Amino acid sequence: MFKKILIANRGEIAVRIIRACRELGITSAAVYSEADQTSDHVKYADEAYFIGEGRASQSYLNKDKIINLAKKINADAIHPGYGFFSENANFISEVESSGIEFIGPSSSSVKMMGSKTAARSLMKKHGVPIVPGSTEAIKNLEDGLKTAEEIGFPVLLKASAGGGGKGMRKVFSPEEFQNSFEAIQREALKAFADDSVYIEKYIENPRHIEVQVIADKHGNYAHLFERECSIQRRHQKIIEEAPSSFGDEATRAKITEAAVNAAKACGYYNAGTIELLMDADKNFYFLEMNTRLQVEHPVTELITDIDLVKEQISIAVGNKLSFKQSDLRISGHAIECRIYAEDPENNFLPSTGKIFDYRIPSGPGVRVDGGFSTGSEISVHYDPMISKLICYASTRDEAVERMLRALSEYHIAGVVNNIPFLKNILADENFRSGNININYVENNLEKLTREEENRNQIENAAAVLSVILKNQPDSITLNGKTKSSSNWLRQIHE
Ligand code: MV4
């Protein structure tokens, strides 16, 4: 087993990895930027190292700083979490050749799946259904138009080096093809230094389903069923659940078999995710593979009773999977809500500043994966996710009720948050009946963002007053001037 792991990440996922290390008897080494001095991962880790200023390029995305630190402190392995270096093939190669273990896939798997055209060809070759379209980059305008006419409009033009919603353009007719093609080439060149573009048939109102896969370095593969991830807005997921409410075993058998074949096709080891689109007739298509642990992994952990982070570490050490496919069953239902410091009533504007009062839910079937507590600052430099609230119960209906109960216990003062918005989704009858697709949030935005009397602001005001009354002028200047960095005071003044 490893003795020490360096965690090249921050916030809730760093805390999640620290917890796994502690349970395995491994020393955890955290890194933190100037903006994260008040974050939980710094407090929970066995060791914590300052690595630079708030901007990620100067800290969490500084390759040399992180690899040199890992060597200096004698870390056996680096866990990248998600985002940052988790899918960066150059970083992984460098770690691989430094003699430190990377807790993740090989750089070659990451590279293979990083090119969306290469991934599509590979999937086609291995019998994994892909969206109708081209498996090679479009050569020229004529070639592109021909493919588009063959599969029929509307089509999507996608950048081969893109993914996760970056570099896509919908084209409705042959007349707009040239303009769109040239525009996306320019975009792709600018964003990815690669102007390769391919075509797919546009799938109307699909669900976004993903299958969790896992493999060791000895060629053992397994899937851990699917997650439903359709509740999203602008490619930012909001609510995920496992299993999906599409709910039939025949479809499940097909998508999980395809997912395992996809993982085998790129010689994968570690935990990974196969993203699929599923249309109303339950036709499904491979979209892309995420070669990392995902934010929403806890819902899978709760329905399978497998600890994915411990399993990742064990795989990196060189152990075989601790279970066989035939050991796994879906038990119960899990839902995850992402708690964001953002204002749904104000176009989801991120809200930064100090959390000066914080109470998390608990009780039966409730898990909170968080990275912040009272006194923590939500920084402008990173994603505004405060925590993930995950609820588990025997049935979907019970899990939804439990989530509403848990959300009602959650109290965050200091930053505006999306809890009222989440409650509106969970109470909505279409969500309740599982009648959802990737456009659900956008199509219901007006209804979902209507809040009862600016609850966030009222709660903030009440909490500020209670702090003043308790004489804890922690971050309040009492000489008549307000501290400009504290969002909540500014809001009260407004
Ligand atoms: C699509 C699609 C419809 N048809 N491809 C967006 C992110 C990237 N992973 C692929 N995406 C999509 N590809 C075809 N042929 C719709 C989307 C899409 C989407 C997919 C998953 C989750 C949310 C989404 C939101 C908008 C569009």
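Look up: the structure comes first, before these words.
Residues numbered from 1 in each chain as written. Predicted model: local features only at pLDDT ≥ 70, side-chain atom pairs only at ≥ 80, totals over all residues. Heavy atoms only, no water.

Caption draft 1: Main features of the overall build of the chain. Scanning the chain from terminus to terminus reveals 18 helices and 22 strands. Relative to the compact-globule value of 23 Å for 494 residues, the chain shows a C-alpha radius of gyration of 23 Å, a close match. Its C-alpha atoms give the chain principal-axis dimensions of roughly 70 × 55 × 45 Å. Evaluated residue by residue, the chain yields a buried proportion of 57% over its 494 residues. Carbon and sulfur atoms make up 47% of the accessible area of the chain, which totals about 20,500 Å². Of the charged side chains in the chain, 58 are positive and 68 negative; the average position of the first set lies 4 Å away from that of the second. (Helix = DSSP H or I, 4+ residues; strand = E, 2+ residues; numbered from the N terminus. Rg over C-alpha atoms; globule rule 2.2 N^0.38 Å. Buried < 20%, exposed > 50% of the residue type's maximum accessible area, 1.4 Å probe, protein only. Areas by Shrake-Rupley, 256 points an atom, 1.4 Å probe, with all protein chains shown as cover. Lys, Arg positive; Asp, Glu negative; His and termini not counted. Charge placed at Lys NZ, Arg CZ, Asp CG, Glu CD.)

Caption draft 2: The arrangement of the packing of aromatic side chains in detail. Per the counting criterion, the structure on display carries eight aromatic pairs. Taking the centre distance of 6.3 Å and the plane angle of 70° together, the rings of Phe-91 and Phe-102 count as edge-to-face. Here Phe-91 is found in helix 4 (residues 89-98), whereas its partner Phe-102 is found in strand 5 (residues 101-102), with eleven residues between them in sequence. Their ring planes at 65° and their centres at 5.8 Å tell us that Tyr-358 and Tyr-410 sit as a pair that is edge-to-face. Remark: Tyr-410 occurs in the loop between helix 12 (396-409) and strand 22 (411-413) and Tyr-358 occurs in strand 18 (residues 357-359); sequence separation between them is 52 residues. In this structure Tyr-410 comes out as buried when scored by relative accessible area, which is 4%. Members of the aromatic cluster, connected to one another through ring pairs, are Tyr-60, Phe-84 and Tyr-382. (Phe/Tyr/Trp six-rings, centres within 6.5 Å; stacked < 30°, edge-to-face > 60°.)

Caption draft 3: Region of interest: the site of the ligand. Neighbouring the ligand are 18 residues; Lys-158, Glu-200, Lys-201, Ile-203 and Glu-288 lie closest to it. In the model, a nitrogen atom of the ligand is placed 3.0 Å from a nitrogen or oxygen of the Lys-158 side chain. Glu-288 has a polar side-chain atom sitting 3.0 Å from a nitrogen atom of the ligand. The fraction of the free accessible surface of the ligand (520 Å²) that becomes covered by protein chains is 91%. Secondary-structure elements contributing two or more residues to the shell around the ligand are strand 6 (155-163), strand 8 (197-201), strand 12 (270-278) and strand 13 (284-290). Residue composition of the shell around the ligand, by class: eight nonpolar, five polar and five charged. When residues are assigned to domains, the shell around the ligand turns out to be shared by domain 2 (132-201) and domain 3 (207-448), each giving three or more. (Near = heavy atom within 4 Å. Polar contact = N/O pair within 3.5 Å; in protein donor to acceptor, adjacent residues only side chain to side chain. Nonpolar A, V, L, I, M, F, W, Y, C, P; charged D, E, K, R; others polar. Domains from an automatic or database assignment.)

Caption draft 4: Up close: the packing of helix 4 against helix 5 (residues 107-114). For the pair helix 4 and helix 5, the least separation of the axes is 9 Å and the interaxial angle reads 170°. It follows from the interaxial angle that helix 4 and helix 5 lie roughly antiparallel. From helix 4, Ala-89, Ile-92, Ser-93 and Glu-96 reach across to helix 5, where they touch Ser-107, Val-110 and Lys-111. Here the residues of the contact of helix 4 with helix 5 sort into three nonpolar, two polar and two charged. (Axes fitted to C-alpha atoms, helices over the stretch in contact; angles between N-to-C directions. Parallel < 35°, antiparallel > 145°, perpendicular 65-115°, else oblique. Contact = heavy atoms within 4.5 Å.)

Caption draft 5: Representation of helix 13 (residues 419-427) within the structure. By the criterion of burial, helix 13 is predominantly enclosed, with seven of the nine residues buried. Along helix 13, the residues that are buried comprise Ile-419, Pro-420, Phe-421, Leu-422, Lys-423, Ile-425 and Leu-426.

Caption draft 6: Just the pairing of strand 2 (residues 27-33), in detail. Burial runs high along strand 2: six of the seven residues are buried. Pairing between strand 1 (residues 4-7) and strand 2: four bridges, direction parallel. Bridge pairing links Ile-5 to Ser-28 in strand 2. Note that the unit made of strand 1, helix 1 (residues 11-24) and strand 2 has a crossover that is right-handed. (Pairing = 2+ DSSP bridges. Right-handed = clockwise from strand over helix to strand, strands pointing away.)

Caption draft 7: Spotlight on unusual backbone geometry. Of note, the amide linkage connecting Phe-153 to Pro-154 takes the cis form, showing an omega dihedral of -5°. Cis geometry marks the peptide bond from Ala-242 to Pro-243, where omega comes out at -5°. In this structure, Pro-243 sits in the loop between strand 11 (236-242) and helix 9 (249-265). With a phi angle near 65°, Phe-225 is a residue other than glycine that sits in the positive phi range. Residue position: Phe-225 is located in strand 10 (residues 221-233). The phi torsion at Asn-270 lies on the positive side, around 95°, for a residue other than glycine.

Caption draft 8: Examining the sheet that holds strand 19 (residues 366-370) more closely. Read across the open sheet, the eight strands follow the order 13-12-9-10-11-14-21-19; overall the sheet is antiparallel. At either margin of the open sheet sits one strand with a lone partner, and together these are strand 13 and strand 19. On average, adjacent strands in this sheet sit at an angle of 25° to one another, irrespective of strand direction. The pairing of strand 19 with strand 21 (residues 385-393) spans five bridges and is antiparallel. Across the sheet, Asp-369 pairs through a bridge with Lys-388, a residue of strand 21. Where helix 11 (residues 308-317) meets the sheet, it contacts strand 9 (207-215), strand 10 and strand 12, and its direction lies at approximately 40° from that of strand 9.

Bear in mind that shape data such as this cannot, by itself, settle questions of function.
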